[in-house]
Amino acid sequence: MKIAILTSGGDSAGMNAVVRSVVKTGILKGCEMWVVREGYEGLVRGNKEYRQATGTDSPPLTNESSQIPPVGATGSTLNIVNSLRFGDGDLLRDGTGDYLGGRTLKGRYIVRVGWDDVRGWFAEGGTLIGTARSKAFRTHEGRLAAAHNLVKEGIDALVICGGDGSLTGADVFRAEWPKLIEELRSQSKITDAQASAHAHLKIVGLVGSIDNDMSMTDMTIGAPTALHRICEAIDNINSTAFSHSRAFVLEVMGRHCGWLALLAGVAGGADFIFIPEQPPKGKPWEDEMCEAIQHHREIGKRKTIVIVAEGAIDIELNPIKADYVKDVLTERLGLDTRVTTLGHTQRGGRPCAWDRILPTLQGVDAVSALLESTPETPSYMIGVRENKITRVPLMEAVEMTRAVAQAVSDKDFDKAMSLRDPEFAESLDGFTATASLTKVPNLPEGQRIRIALMHMGAPAGGMNAATRAAVRYCLRQGHTPLAIQNGFRGLLDDNVIELSWLGVDSWMARGGSELGTNRTLPSVDLGAVAAKFQQWNFQALMIIGGFEAFNGLLILEDGRKHYPAFHIPMVHLPATISNNVPMTEYSLGSDTSLNALVDACDAIKQSASASRNRVFVVETQGGRCGYIATMGALATGACLVYTPETGTTLDMLRRDVKFLKTRYNLDVKGKSEGRLVIRNEVSSSVYTTEVLTNMFKEEGGSLFDARSASLGHTLQGGIPSPMDRQRAVRLSLKCMAFIERHHALLQQQPAKTRHATGESAAVITIQASSIEWVPVQEMLHHADMVNRRGKHAWWSNIKELVEALAGKPALR
Ligand code: ATP
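Under an unreviewed UniProt entry, the name given to the chain is ATP-dependent 6-phosphofructokinase, and the organism recorded is Asterophora parasitica. Regarding the chain, the UniProt comment filed under Function (unreviewed entry) reads as follows: "Catalyzes the phosphorylation of D-fructose 6-phosphate to fructose 1,6-bisphosphate by ATP, the first committing step of glycolysis." UniProt, in its Cofactor (unreviewed entry) section for the chain, records the words "Mg(2+)".

Here it is in structure tokens:
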């Protein structure tokens, strides 16, 4: 199959990762890969200008002479290596974008690309193949020219990465395709043979949009990076707002979708937000906002942050503008208020880890979707639900997205909310629950609970955010949030304090553990722990932590046989950079850690390429779980990864050295290249980082040098990532709801003989596309207690993908 990829509409971080992934996957599957520059405009223009300028009808590419045998033809792994010969480097960054791998592209918009043409594209923001909004493509003549250009190059499969407009354009194009072909044939622009060979157009869409405005997918490519940029700005503004006791009104992007404003509100700990889907109802919004902020100021808050989406409106659809919000705050509350409009800073910059991983996995699936597609199958959009890559009919998603805008313009805001993904509504609930304090608690005296909160194990990004959310939820409801400081050891020393609404205000952006954390298990003295539960009258417990926390909960549940004090609802919210808690695909802190790794590796890679060919062996933490190493390798484009799960053998090393030599031999001479190898610190006790580095150095000879870098505790990250913050809030509130539910059930039993069921001691997990509660005893069946990880790792096949995308021949 000949597949072309284009990026269209507004640019977004992660588009380059899509192109890289699609191009490499396509080559691996034996396809011929092309890129279309400047979106649909490039499709319409084709290579005519080049032909006219040069008189060459079929312009050869510099390296085109080295033929690529399709991988599928023989199944030989050598073919993959051969295909590396095609393309000889990155897009030359000369400011024109008119060169690719040393080849001039002037006047050429549909360009065949090879493996190495997309090297290093991960770390680049925006889209290197250009994007545009094409008026011509909206016309029949434009699409006819586009079809002609594709047929001329023999292409009949398209991958489109763009927003809902671009995907609609793709669908229109596909539906019209048979007619376009017939028209071209009847005008004798194409032959009968060409017409029958190109009877159908296959398309697949990926959503590249910073607004996260597409229905039927949790996340669009570029939205996480935009949220990073916004949160960085809010974190910076927070400190100056605090110093001067000021109010700041931040305008963020989102003309029709309030996702960025909402998530920035949640992750940035804002006081008030305005989004198009849910304008303040009930009273004039000015009153509602001023009352909430006045209340916060009365409690003692020194700073105020209000976030306004670009397309924010009131219930009468009148725009709400940042300057007007500022005037209201200044005039009514007398606050020293400033406006900051983040504008295009939100679009740009290096993609965050998630905007490298998600597009890579989606790109792989996009190629599979094309290869599986038939004239009867619908065009798919590749999406994601929680942690699962999904395929949904493209037009269904587009229509649902349009329906949101329609519902908003019909003032049917409840419908607009219901058409957004469940995560959107949950995030709004999360914002409401954590942003403001009600004057009177929601629950009557008899339903209020004393909830103990504890951190356990190593610190992880998001632990404090989860605690903040729990505390604020508790106070709204009327529960008492009791922080156990320094884990079970602290409990035995009576280090228990009641947390306040204001006391946790700045915890959202704080790394580490504000409560203090250690690895002491309750088995240190279970009887004494039970006595402390009784003494403090804990009616529920939430433990935030990693494998220890799971183990701790297991011990407490087991202790119910002997100690009535443990017959209370108890939950574990997984938080560990190692992401080694069984059954859950995600733990708080793992995203922060991946971002720390990506930042470090981008810098290392730059250094590795700067002087001479150099392989960097980067050592990561992660205990006996290879998650961080593997996903980090996927996010940084590392070429090899070593994990405890697969171990390291001499045979493996021999193959890896051979692969590195082959790879460096294929590189363009005179241009130095850096390559990353990621190694989990305990993947082998014999083949250590030092041994590996020395071996690569020795074997590399004059081809390449080797160095090592150990990332150590830097991987715990400083400031938690927005993803960890928002998931912390969402999962923490689910934990609170779980506690309330099980507490109510227990209250139905007589106090003296109260017996908690196994279900009431559970771990909150993310499994593929859903959030599941798993009783801790059931978790035990899925845990490898010796190696402190789950028995099954959902990411186990990612190592193969990492190495395949680096061009390493797979073992067959
Ligand atoms: P963003 O979310 O950044 O606005 P988008 O993909 O929605 O991205 P649009 O400007 O709506 O951006 O669409 C991009 C391009 O897709 C248009 O310039 C046009 O070429 C094409 N396109 C959009 N809608 C159609 C349509 N109905 N028919 C044909 N082409 C279309």
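## Some thoughts on the overall build of the chain
Helices and strands together make up the secondary structure of the chain, namely 27 helices and 26 strands. Its C-alpha atoms give the chain a radius of gyration of 28 Å, near enough to 28 Å, the size a compact globule of 812 residues would have. Viewed in the frame of its principal axes, the chain has a C-alpha envelope of about 90 × 70 × 50 Å. The 812 residues of the chain split such that 55% are buried. A fraction of 79% describes how many contacts in the chain between residues 6 or more apart in sequence connect residues 24 or more apart.

## Structural notes on the UniProt feature "domain: Phosphofructokinase" (unreviewed entry) in the chain
Those places that UniProt annotates as "domain: Phosphofructokinase" (unreviewed entry) correspond, in this numbering, to residues 2–51, 110–370 and 450–739. Annotation note: span residues 2–51, helix share 50%, strand share 22%, distance between end C-alpha atoms 21 Å. Structurally, residues 110–370 is divided into 46% helix and 13% strand, and its ends, taken at the C-alpha atoms, are 19 Å apart.

## So, the sheet that holds strand E23 (residues 761–767)
Spatially, E16-E15-E14-E17-E18-E23-E24 is the arrangement adopted by the seven strands of the open sheet, whose pairing is mixed. Because the sheet does not close on itself, it has two edges, and the strands there are strand E16 (496–498) and strand E24 (770–775). Taken pair by pair, the neighbouring strands of this sheet meet at an average axis angle of 25°, ignoring direction. The sheet contact formed by E23 and E24 spans six bridges and is antiparallel. If you follow Val763 over to E24, its bridge partner there is Val774. Docked against the sheet, helix H17 (residues 463–477) engages strand E14 (450–456), strand E15 (480–484), strand E17 (540–545) and strand E18 (570–574), running at close to 150° with respect to E15.

## A closer look at unusual backbone geometry
Negative phi is the rule for most residues except glycine; trans is the rule for most peptide bonds. Positive phi, normally seen in glycine, also occurs at Leu317, with a value near 70°. Position of Leu317 relative to the elements: it lies in the loop between strand E10 (304–309) and helix H12 (322–333). Residue Leu317 is classed as exposed on the basis of its C-beta count, with 12 C-beta atoms lying within 10 Å. A positive phi angle, near 60°, is found at Asp494, a position not held by glycine. For Asp494, the location among the structural elements is in the loop between helix H18 (487–492) and E16.

## A few points about the sheet that holds strand E6 (residues 157–162)
With mixed pairing, seven strands are arranged side by side in an open sheet as E5-E2-E1-E6-E7-E12-E13. This sheet does not close on itself; its edge strands, each paired only once, are strand E5 (110–112) and strand E13 (388–393). Each strand of the sheet is rotated relative to its neighbour by a mean of 25°, with strand direction disregarded. When strand E7 (residues 202–207) meets strand E12 (residues 380–385), the two strands line up parallel, connected through three bridges. In the sheet register, Gly205 faces E12, and the bridge partner there is Met381. Helix H7 (residues 164–186) contacts E6, E7 and E12 of the sheet and is inclined by roughly 160° relative to E6.

## Thoughts on the site of the ligand
The full set close to the ligand counts 17 residues, and Gly9, Gly10, Gly163, Gly165 and Gly169 are the nearest of them. Element by element, the count of residues in the shell around the ligand is highest for H7, at six residues. For the shell around the ligand, the per-class residue count stands at three nonpolar, eleven polar and three charged.

## A few points about the pairing of E15
Note on strand geometry: in a regular strand, side chains alternate between the two faces of the sheet. With four of its five residues buried, E15 lies for the most part within the structure. Across five bridges, E14 lies against E15 in parallel orientation. From the neighbouring strand, Ala452 faces E15, where its bridge partner is Leu482. Assessed by its sense of winding, the connection that carries the chain from E14 through H17 to E15 is right-handed. The pairing of E15 with E16 spans three bridges and is antiparallel.

## Remarks on the nonpolar core
Ranked by size, the top nonpolar core spans 236 residues in total, and within it Leu260, Ala261, Ala264, Val308 and Ala466 carry the most contacts. Residues within four places of Val308 in sequence aside, it is in contact with Val249, Leu250, Glu251, Ala261, Phe274, Ile320, Ala322 and Val325.

## Remarks on the packing of helix H10 (residues 259–268) against helix H16 (residues 422–435)
For the pair H10 and H16, interaxial distance at closest approach is 9 Å and the crossing angle is 40°. Taken together, the axis directions place H10 and H16 in an arrangement best described as oblique. Taken as a pair, H10 and H16 cross one another with a handedness that is left-handed. Of H16, the residues touching H10 (which contributes Trp259, Leu262, Leu263, Gly265 and Val266) are Phe424, Ser427, Leu428, Gly430, Phe431 and Ala435. Looking at the contact of H10 with H16 residue by residue, the class counts come to eight nonpolar, three polar and no charged.

## A short note on H12
The terminal C-alpha atoms of H12 lie 16 Å apart, and with twelve residues this matches the ideal 16 Å at 1.5 Å per residue to within 8%. For H12, the full list of buried residues reads Ala322, Val325, Val328 and Leu329. Take H12 and look down its axis: the buried residues cluster within an arc of 120°, on one side only. Along H12, exposed side chains directed more than 90 degrees from the buried face belong to Asp323 and Glu331. On its buried face, H12 is in contact with strand E8 (247–252), helix H11 (285–299), E10 and strand E11 (337–341). Gly334 lies just past H12 and shows a positive phi near 65°.

## Concerning the confidence of the model for the chain
Looking at the chain, the pLDDT average stands at 90 and 93% of residues meet or exceed 70. Here the complex is predicted with pTM 0.91, and the ipTM for its interfaces comes to 0.95.

## Looking at the pairing of strand E2 (residues 32–36)
Along E2, four of the five residues are buried, which leaves the element largely enclosed by surrounding structure. Handedness of the strand E1 (residues 2–7)-helix H1 (residues 15–28)-E2 crossover: right-handed.

## With respect to the environment of Met779
Tracing the sequence through the fold places Met779 in helix H26 (residues 776–781). In this structure Met779 comes out as buried when scored by C-beta crowding, with 23 C-beta atoms within 10 Å. For the pair Met779 and His742, spaced 37 residues apart in the sequence, the C-alpha separation amounts to 19 Å. Once you skip the residues sitting within four places of it in the chain, Met779 turns out to touch Phe550, Pro582, Met583, Val763 and Val774.

What counts as what
- Residues numbered from 1 in each chain as written.
- Predicted model: local features only at pLDDT ≥ 70, side-chain atom pairs only at ≥ 80, totals over all residues.
- UniProt positions renumbered as here; feature names shortened; annotations may be inferred.
- Helix = DSSP H or I, 4+ residues; strand = E, 2+ residues; numbered from the N terminus.
- Rg over C-alpha atoms; globule rule 2.2 N^0.38 Å.
- Buried ≥ 20, exposed ≤ 12 C-beta atoms within 10 Å, placed from the backbone.
- Contact = placed C-beta atoms within 7 Å.
- Pairing = 2+ DSSP bridges.
- Axes fitted to C-alpha atoms, helices over the stretch in contact; angles between N-to-C directions.
- Near = placed C-beta within 6 Å.
- Nonpolar A, V, L, I, M, F, W, Y, C, P; charged D, E, K, R; others polar.
- Right-handed = clockwise from strand over helix to strand, strands pointing away.
- Core = buried A, V, L, I, M, F, W, Y, C linked by C-beta atoms within 7 Å.
- Parallel < 35°, antiparallel > 145°, perpendicular 65-115°, else oblique.
- Left-handed = near helix turned anticlockwise from the far one by under 90°.
- Expected span 1.5 Å × (residues − 1).
- Arc of directions from axis to C-beta.
- pLDDT = per-residue confidence, 0-100.

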